[in-house]
2 protein chains.
Amino acid sequence: MAKKSFPLSRVYGLLEPGPVVMLTTSRKGTPNIMTLSWHTMMEFEPPLIGCVISGRNHSFDTLLATKECALNIPAAELAEKVAAIGNCSGRKVDKFAAFHLTPVAATRIEAPLIAECYANLECRVADTRLVNKYNFFILEVLKAWIDPAVKNPRTLHHRGKGVFAVDSKLIKLPSRMK
Amino acid sequence: MAKKSFPLSRVYGLLEPGPVVMLTTSRKGTPNIMTLSWHTMMEFEPPLIGCVISGRNHSFDTLLATKECALNIPAAELAEKVAAIGNCSGRKVDKFAAFHLTPVAATRIEAPLIAECYANLECRVADTRLVNKYNFFILEVLKAWIDPAVKNPRTLHHRGKGVFAVDSKLIKLPSRMK
């Protein structure tokens with residue numbers, strides 16, 4: 001993988017803007033992918049991420065059983081695959097094969113990373129206390145990867161019913177935020 | 001207000017794309033505003049929203065005491081105010097006055113809405129069980145408003161250190177999602 005390690009302290013800048021992500025899991029050697037937009041940063045370092053995964057998703061059971069997953073961030077070039085992956089189930093489809101995506105071995109978890117995504121976060125489940133009531137998992141990022149060749153990724157932001165807004169320009173404003 | 005009521009079932013489409021929002025509160029007649037990016041949808045209807053509010057924020061104490069707030073969604077035209085509001089504290093600044101924003105009375109809560117934002121969500125705190133450990137509040141949207149004149153708002157997505165990505169074009173892909 002042509003990606004380089006990315007500091008955990010800077011992971012928030014990848015997820016705070018709210019991009020659609022693809023969550024990968026693996027169980028008994030069978031990987032799966034789902035599309036996900038309901039996530040939020042919860043802590044800077046170590047990075048904590050909260051995300052909602054419906055119990056109807058195949059990934060829900062796998063995540064609960066294996067306690068690990070990767071969050072893979074696609075740019076707009078992958079939009080059609082991202083939407084299509086969100087519209088089928090891993091119970092019926094081998095999504096890596098069906099959508100011609102390349103699984104790459106992670107370093108800290110069994111679940112594969114998606115090579116075509118410009119950033120990958122290896123995560124473990126850190127807290128399940130809101131899973132029963134809200135399907136809400138809290139993940140800790142163990143290791144982060146980024147493609148140094150992608151300078152300004154145009155991320156995807158789902159507005160519902162298959163409509164996505166795409167980032168275009170960046171603006172820089174005075175800030176005391178880190 | 002020239003805004004119209006917005007169906008609660010469609011609120012997820014406003015927040016799922018991850019825009020920066022401005023949270024308004026009011027305590028003993030004194031309103032305040034903070035800027036917030038760490039939020040996620042948690043349920044469609046009634047809409048539930050999870051958000052992280054640091055205990056360092058003046059709004060944290062108010063939200064815990066009053067159990068209500070509004071989430072106001074700005075478009076890119078308000079970018080400079082959004083960033084500046086995130087860089088000062090309501091303990092020292094009357095932000096509505098300092099930033100020339102117009103408070104509008106809400107219908108279900110005491111906290112005011114921001115007239116200049118194209119959408120406003122009146123919320124009550126629905127669950128505080130993760131506040132102690134993660135500063136994580138779960139809000140229920142009681143009433144939603146939208147400016148019908150704004151057809152394609154260019155929302156702001158914070159990438160850290162004052163850099164914001166701005167939505168530009170929309171793409172429509174096949175989807176079974178509602």
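For the structure itself, look to the data block above.
For clarity, every value in this text was computed on a predicted model and none was experimentally measured. (Residues numbered from 1 in each chain as written. Chains lettered and ligands numbered in written order. Predicted model: local features only at pLDDT ≥ 70, side-chain atom pairs only at ≥ 80, totals over all residues. Heavy atoms only, no water.)

Remarks on the relation of the copies chain A and chain B
Inference 1: Taken as rigid bodies, chain A and chain B are interconverted by a rotation of 180° and an axial shift of 0.0 Å, the fit giving an RMSD of 0.0 Å. Here the symmetry operator amounts to a two-fold rotation axis. (Least-squares fit on C-alpha atoms with pLDDT ≥ 70 in both.)

Section: the pattern of salt bridges
All names here are of chain A.
Inference 1: Under the definition given, this model contains eight salt bridges over all chains.
Inference 2: Of the charged contacts in the structure, one is a salt bridge between Glu77 and Arg154, with a shortest N-O distance of 3.5 Å. Remark: Arg154 occurs in the loop between β10 (136-146) and β11 (156-160) and Glu77 occurs in the loop between β6 (68-73) and α3 (79-85); sequence separation between them is 77 residues.
Inference 3: Judged by its relative accessible area of 63%, Glu77 is exposed.
Inference 4: Arg129 serves as the salt-bridge partner of Asp127, at 3.0 Å between the closest nitrogen and oxygen.
Inference 5: Owing to a relative accessible area of 43%, Arg129 belongs among the partly exposed residues under this scheme. (Salt bridge = Lys/Arg side-chain N within 4 Å of Asp/Glu carboxyl O. Helix = DSSP H or I, 4+ residues; strand = E, 2+ residues; numbered from the N terminus. Buried < 20%, exposed > 50% of the residue type's maximum accessible area, 1.4 Å probe, protein only.)

Observations regarding the pairing of strand β2 (residues 21-27) of chain A
Residue and element names in this part refer to chain A.
Inference 1: Burial within β2 is extensive, with six of its seven residues counted as buried.
Inference 2: Direction of pairing for β2 relative to strand β3 (residues 30-36): antiparallel, over a ladder of seven bridges. Bridge pairing links Thr25 to Asn32 in β3.
Inference 3: In textbook terms, the turn of a hairpin is the stretch between consecutive antiparallel strands, and for β2 and β3 this stretch comprises two residues, one of which, Lys28, has a positive phi near 50°.
Inference 4: Examined bridge by bridge, β2 and β6 share three bridges and lie antiparallel to one another. Across the sheet, the residue bridging to Thr24 is Ala70, located in β6. (Pairing = 2+ DSSP bridges.)

Describing the interface of chain A and chain B
Inference 1: Facing the 54 residues of chain A at the interface are 54 residues of chain B.
Inference 2: Surface buried jointly by chain A and chain B totals about 5000 Å² across both partners, of which 58% is contributed by carbon and sulfur atoms.
Inference 3: Its largest share of buried area at the contact with chain B, chain A owes to Trp38, Tyr134 and Arg159 of chain A, together 15% of the area lost on that side.
Inference 4: Between Arg159 of chain B and Asp167 of chain A there is a salt bridge, with its nearest N and O atoms 3.1 Å apart. (Contact = heavy atoms within 4.5 Å. Buried area = accessible area lost by both parts, 1.4 Å probe.)

Quick notes on the packing of aromatic side chains
Inference 1: Applying the stated criterion across every chain, the model contains seven aromatic pairs over all chains.
Inference 2: Between Phe44 of chain A and Trp38 of chain B, the ring centres sit 4.7 Å apart and the planes meet at 55°, which makes this aromatic pair tilted. Placement of Phe44 of chain A in the loop between β4 (39-43) and β5 (48-52) and of Trp38 of chain B in the loop between β3 (30-36) and β4 (39-43) is noted, with the two residues assigned to different chains.
Inference 3: Of the residues examined, Trp38 of chain B reaches a relative accessible area of 9% and is grouped as buried.
Inference 4: Members of the aromatic cluster, joined through ring pairs, are Tyr12 and Phe44 of chain A together with Trp38 of chain B.
Inference 5: Here Lys143 of chain A stacks its cationic end above the ring of Trp145 of chain A, 4.9 Å away from the centre of that ring. (Phe/Tyr/Trp six-rings, centres within 6.5 Å; stacked < 30°, edge-to-face > 60°. Lys NZ or Arg CZ within 6 Å of the ring centre and 35° of its normal.)

Some words on the state of the cysteines
Inference 1: By the definition in use, this model includes zero disulfides over all chains.
Inference 2: Counting only cysteine sulfurs, Cys123 of chain A is the nearest neighbor of Cys117 of chain A, a cysteine outside any disulfide, at a range of 13 Å.
Inference 3: Judged by relative accessible area, which is 1%, Cys117 of chain A ranks as buried.
Inference 4: Unpaired in this structure, Cys123 of chain B has its nearest cysteine sulfur neighbour in Cys69 of chain B, at a distance of 4.9 Å. (Disulfide = S-S within 2.5 Å.)

Side note on the sheet that holds β11 of chain A
Inference 1: Pairing in this open sheet of four strands is antiparallel, and the strands run β11(A)-β12(A)-β12(B)-β11(B) from one edge to the other. Bordering the open sheet on either side are β11 of chain A together with β11 (156-160) of chain B, each of which pairs with just one other strand. Shown here is a sheet whose adjacent strand axes are inclined to one another by a mean of 40°, direction ignored.
Inference 2: For β11 of chain B and strand β12 (residues 163-172) of chain B, the ladder comprises four bridges, and the chain directions are antiparallel. Each residue of the ladder has a partner; that of His157 of chain B, found in β12 of chain B, is Ala165 of chain B. (Axes fitted to C-alpha atoms, helices over the stretch in contact; angles between N-to-C directions.)

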